[in-house]
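Report on the structure
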Amino acid sequence: MPGAVDLSVEVGALRLSNPILAASGTFGYGVEFSHLVDLNGLGGFVVKGLSLEPMAGAPAPRLCETPSGMLNAVGLQNVGVRAFVAEKLPSLREYSTAVIANVFGYTVEEYTGVIRILEEAEGLAGYELNISCPNTAHGGIQFGSDPQLASDVVAAARKASRRPLWVKLSPNVTDIGAIARAAEEAGADALTVANTYQAMSVDVQTQKSRIGRVTGGLSGPAIKPITVRLAYEAARAVKIPIIGLGGIEKVEDVLEYLIVGARAVQIGTANFSRPDACQKIVDQLERYCRDAKINSISKLVGSLQVDSA
């Protein structure tokens, strides 16, 4: 019809109806939000991280507010991959949107073990390999901070998987381009840029951490300008698609990530205060494109104008 806007994007082999996904750890297993959000109206969502065995997570308190953001140490609490397949995935098959399984482990063997179990199940569009979580006592961050370790775990996951493989990078590195290239060369189909930032918050009265662990992961609007820069650097370093993640609360935030080179975005912290944030941003994005006479959202990807010196 006249004035129709094409919000669809291609992230490797996956074609999403729009570039808005809900981020892992902020949207449960998706079904918890089904009475609040039209899940089929999203480009997709990433379920909370899945491990080989169930995990109880970190001690309380797990969240605290920070200036323009939030600090969390949830500790990757989850039901375990087998319970996910048996109890959660059947309901997710009812939706037409892309369901991405976030996968993590403390060893390469644990990562591949989770993927092998998921490979036997139907209803998933792909995997997001979390090599970068800063809010656990040990594990993920070691893979995301070293190009060789990143390459090893991605290569093993690639060998175990027939589905598209996204790799979630850590922002806590000196050169994200080096990690991005290592993941690409090892077989990643796309990169999520980026996870939360290692941070602390102290109660001056008790002289203790405000969360159950000493450090946690910082997210929210405060991190967006830094992560936009990381997405820009990663997009210049590799040929595979970038999914931007960090501090998105409104449609202009989405547009920033697309302009610097991201093909799609994930929305995280905003889901805590506004469970319908993703759906509203999809609506706002369509309205923006129509008003700006942009008939395809993909035209904005990588459109940053840089003045020559």
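Quick look at the structure, then. Keep in mind that this is a model prediction, so the values were computed, not measured. (Residues numbered from 1 in each chain as written. Predicted model: local features only at pLDDT ≥ 70, side-chain atom pairs only at ≥ 80, totals over all residues. Heavy atoms only, no water.)

**A look at the sheet that holds strand β9 (residues 165–168)**
The following threshold applies: Pairing between two strands is assigned when DSSP locates at least 2 bridges connecting them. Only DSSP runs of H or I with at least four residues qualify as helices, and only runs of E with at least two residues qualify as strands; both kinds are numbered from the N terminus onward. To get an axis, fit a line to the C-alpha atoms, keeping to the stretch in contact for a helix; angles then go from 0 to 180 degrees between the N-to-C directions.
With respect to topology, 8 strands assemble into a closed barrel ordered β3-β4-β7-β8-β9-β10-β15-β16, the strand pairing being parallel. When strand polarity is set aside, the average angle formed by the axes of neighbouring strands in this sheet is 25°. Bridge analysis of strand β3 (residues 20–22) against strand β16 (residues 264–267) gives 3 bridges, and the strand direction is parallel. Each bridged residue has a counterpart across the sheet, and for I20 the counterpart in β16 is V265.

**As for the packing of aromatic side chains**
Each aromatic ring pair is summarised here by two numbers: the centre-to-centre distance and the angle between the ring planes. Where we set the bar: Stacked, edge-to-face and tilted are the three classes for Phe, Tyr and Trp ring pairs, Trp counted by its six-membered ring, which pair at centre distances within 6.5 Å; planes under 30 degrees apart are stacked, over 60 edge-to-face, the rest tilted. Only protein chains enter the accessibility calculation, which uses a 1.4 Å probe; a residue whose area is less than 20% of its type maximum is buried, one above 50% is exposed, and one in between is partly exposed.
The full count for this structure, using the stated rule, is 4 aromatic pairs. For the ring pair F27 and F33, a centre distance of 4.1 Å and an interplane angle of 20° mean the geometry is stacked. Here F27 and F33 have matching classes, each one buried. With 5.8 Å between their ring centres and 45° between their planes, F27 and F45 make a pair best called tilted. With a gap of 18 residues between them, F27 in the loop between β3 and β4 (44–50) and F45 in strand β4 connect regions that are remote in the sequence. One exposure class covers both F27 and F45, and it is buried.

**A look at the pairing of strand β6 (residues 69–72)**
Residue alternation in β6 divides its side chains into two sets, G69 and L71 and M70 and N72, and both sets are buried. Bridging between strand β5 (residues 63–66) and β6 involves 4 bridges; their strand directions are antiparallel. Paired with C64 across the two strands is L71, which belongs to β6. Turn length for the β5-β6 hairpin, with the two strands adjacent in sequence and antiparallel, is 2 residues, and the turn residue S68 shows positive phi of about 55°. Bridge count between β6 and strand β14 (residues 216–219): 3 bridges; the pairing is antiparallel. Following the sheet pairing, N72 is matched in β14 by G217.

**With respect to the state of the cysteines**
Just so we agree on the cut-off: Disulfides are defined in this document as cysteine sulfur pairs within 2.5 Å.
Enumeration over the complete set of coordinates arrives at 0 disulfides. Left unpaired, C289 is separated from the closest cysteine sulfur, that of C278, by 17 Å. Residue class for C289 comes out buried when judged on its relative accessible area of 0%.

**Observations concerning helix α7 (residues 251–259)**
Given 3.6 residues to a turn, an α-helix orients residues that are three or four positions apart in the same direction. Worth spelling out the cut-off: Between two residues, a contact is recorded if the distance between any of their heavy atoms is within 4.5 Å.
Those residues of α7 that sit buried are V251, D253, V254, L255, Y257 and L258. In the core, the buried residues of α7 are packed alongside β3, α6 (224–237), β15 (242–245), β16 and α9 (277–291). Positive phi appears at G261, one or two residues downstream of α7, with a value of about 130°.

**Some points on the sheet that holds β6**
Ordered by their spatial adjacency, 4 strands build an open sheet running β5-β6-β14-β11, and the pairing between neighbours is antiparallel. Two strands lie at the open edges of the sheet, namely β5 and β11 (197–199), each paired on one side alone. Taking the axes of each pair of neighbouring strands and ignoring which way they run, one obtains an average angle of 35° across the sheet.

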